[in-house]
Amino acid sequence: MVWLLSVRGADMARISYRRRFALLRAHEGCCAYCKEVMPFRDTVVDHILPQHLRVNRSAWRELLRRYNLGDDFSLDDVENLLPVHQACNSLKGGRVFDPARAHFFLEIARAKAPHVRREEDRISSDLKADRLLAKLATGLETGLLPVGAVQALIQHPKMPPAEEHDTYDPIIVTFGLAVEDLIGRADLPDSVPLEYPHLCDWLEEDLKSRLSVALSCTMFVTEESARNGETLSVRVALVRPDLEQLRTLEGSWWEILEIAYFSEIYDEPGDRVGFAPAGLSGHM
Ligand SMILES: [Zn+2]
């Protein structure tokens, strides 16, 4: 099974690709600490006031007072975030800037914040855009996609118009998990059968019921699940879904492995293959 997201550090896992990208654009492609031009694949997001400060409530209040910051100051807000080199970030480590230095960088972040938010909006707020950026970043990070090819695409004076997708072309979402990751999870009910095939049957029902709750669109399973003895993946077609609703699955054992149009996976447009067969339309 191919896991599409490669996450190099905890910081990257928390910050969406969309945000990382928007921060880099807003800072004119430069590291906020050393001011050098920096490629996206080297970019990490630094919290000016580090996240470990959040642990203790009273110390946090004291710090806000000492740094002359309002009670509404949030560590996760773009006004506390800077795009920096991984190396520059490692130099800083978890150290806390003195108030003067912190304010110097907070001022820079604050000045760029509207630009960051504009860039985020421009990239669009849907989950798919973030997944695509994740794939692109992974391609660049692993070297499978040469930087030159991407630049050529971006700078091409006559970009072909984005392919118009039939709105009836369903979205295929592939969900997956590694069975051994489930063992020992506190949220796995005791009654669940642990032999692989039975566990897979149970998990497929679990996915269906989670999706029925999370999504309001028509959905159906397009093919038999893939079972290799260690992992399980299930493809589900969603008709005009609101992909934001999939966020409710975050924190569960299901991972989204791929999002694509029906016609990209099955060659035929979804509306020609008679989707929504009896018994599967509406909720699964
Ligand atoms: Zn730097």
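Remember, it's a predicted structure, so these values are computed and weren't measured experimentally.

Engineer: I keep staring at the overall build of the protein chain and nothing clicks. Help me out?
Structural biologist: In terms of helices and strands, the protein chain carries nine helices and seven strands. Among the 284 residues that make up the protein chain, the fraction classed as buried is 23%. Nonlocal contacts in the protein chain, meaning residues at least 24 apart in sequence, comprise 79% of its contacts between residues at least 6 apart.

Engineer: I'm lost on the packing of helix H2 (residues 17-26) against helix H5 (residues 99-123) in this one. Help?
Structural biologist: Put simply, H2 and H5 touch, their axes get as near as 8 Å, and they point 130° apart. Taken together, the axis directions place H2 and H5 in an arrangement best described as oblique. Between H2 and H5 the crossing geometry is right-handed. Between H2 and H5, the residues in contact are Arg18, Arg19, Phe21, Ala22, Leu23, Arg25 and Ala26 and Lys112, His115, Val116, Glu119, Glu120 and Ile123, respectively. Its residues placed into classes, the contact of H2 with H5 shows six nonpolar, one polar and six charged.

Engineer: Is there a simple way to think about the pairing of strand S3 (residues 171-178) in this case?
Structural biologist: Most of S3 sits inside the fold, with seven of its eight residues counted as buried. Two elements, S3 and strand S6 (residues 231-238), share eight bridges in a ladder whose sense is antiparallel. Paired with Thr174 across the two strands is Arg235, which belongs to S6. With six bridges connecting them, S3 and strand S7 (residues 255-261) associate as antiparallel partners.

Engineer: What's the story with the pairing of strand S2 (residues 81-85) in this structure? I'm lost.
Structural biologist: Strand residues, when the strand is regular, have side chains that alternate between the two faces of the sheet. Taken across its five residues, S2 has five buried, putting it largely inside the fold. Bridge count between strand S1 (residues 43-47) and S2: five bridges; the pairing is antiparallel. Bridge pairing links Val44 to Val84 in S2.

Engineer: Can you help me understand the environment of Leu49 in this one?
Structural biologist: Looking at the secondary structure, you find Leu49 in the loop between S1 and helix H3 (57-66). Leu49 gets classed as buried once you count the C-beta atoms within 10 Å, which come to 21. Spatially, the C-alpha atoms of Leu49 and Asn80 are 6.7 Å apart, while their sequence positions differ by 31 residues. Leave out the neighbours within four places in its chain, and Leu49 touches Leu75, Asn80, Val96 and Ala102.

Engineer: Hey, could you run me through unusual backbone geometry in this one?
Structural biologist: In terms of backbone geometry, most residues other than glycine have negative phi values and most peptide bonds are trans. Not every positive phi belongs to a glycine, and Glu28 is a case in point at roughly 50°. Looking at where Glu28 falls in the secondary structure, it is placed in the loop between H2 and S1. The phi angle at Lys35 is positive, at roughly 70°, despite the residue not being glycine. When you line up the elements, Lys35 lands in the loop between H2 and S1.

Engineer: Sorry if this is basic, but what is going on with the confidence of the model for the protein chain here?
Structural biologist: The predicted structure's coordinates, where accompanied by low pLDDT, should not be read in detail. In the predicted model, the protein chain carries a mean pLDDT of 79, and the fraction of residues at 70 or more is 82%. The least confident element of the protein chain, judged by mean pLDDT, is helix H1 (residues 10-14) at 48; the most confident is S2 at 95. Across residues 159-167, where pLDDT falls below 50, the model places four contacts with residues more than four positions away in sequence or in other chains. Predicted confidence is poor over residues 271-284, with pLDDT under 50, and the contacts of this stretch with residues over four places away or in other chains come to 22 contacts.

Engineer: It is not clear to me how helix H8 (residues 196-214) should be interpreted in this structure. Could you clarify?
Structural biologist: Side chains of residues three or four places apart in an α-helix project in the same direction, reflecting 3.6 residues per turn. If you check H8, its first and last C-alpha atoms are 26 Å apart, about what 19 residues at 1.5 Å a residue would give, namely 27 Å. Every buried residue belonging to H8 is among Cys200, Leu203, Leu207 and Leu211, and all of these are buried. Projected down its long axis, H8 carries its buried residues within an arc of 70°, all on one side. More than 90 degrees from the buried face of H8, the exposed residues found are His198, Glu205, Ser209 and Val213. At its buried positions, H8 is contacted by S3, strand S4 (219-221), strand S5 (226-227) and S6.

Engineer: I tried to follow H3 on my own but got confused; where do I start?
Structural biologist: Burial analysis of H3 places just zero of its 10 residues in the buried class, which makes it a mostly uncovered element. After H3 finishes, the residue Asn68 shows a positive phi value of roughly 55°.

Engineer: Explain the environment of Lys208 to me, please; I cannot follow it from the model alone.
Structural biologist: Relative to the elements of secondary structure, Lys208 occurs in helix H8. You can call Lys208 partly exposed: it has 16 C-beta atoms within 10 Å. Note: C-alpha distance between Lys208 and Val236 (28 residues apart in sequence) is 9.2 Å.

Engineer: Looking at this structure, how should I read the environment of Leu194?
Structural biologist: Mapped onto the elements, Leu194 comes out in the loop between S3 and H8. Owing to 11 C-beta atoms within 10 Å, Leu194 belongs among the exposed residues under this scheme. Separated by 12 residues in the primary sequence, Leu194 and Leu182 place their C-alpha atoms 9.9 Å from one another.

Definitions and cut-offs
Residues numbered from 1 in each chain as written. Predicted model: local features only at pLDDT ≥ 70, side-chain atom pairs only at ≥ 80, totals over all residues. Helix = DSSP H or I, 4+ residues; strand = E, 2+ residues; numbered from the N terminus. Buried ≥ 20, exposed ≤ 12 C-beta atoms within 10 Å, placed from the backbone. Contact = placed C-beta atoms within 7 Å. Axes fitted to C-alpha atoms, helices over the stretch in contact; angles between N-to-C directions. Parallel < 35°, antiparallel > 145°, perpendicular 65-115°, else oblique. Left-handed = near helix turned anticlockwise from the far one by under 90°. Nonpolar A, V, L, I, M, F, W, Y, C, P; charged D, E, K, R; others polar. Pairing = 2+ DSSP bridges. pLDDT = per-residue confidence, 0-100. Expected span 1.5 Å × (residues − 1). Arc of directions from axis to C-beta.

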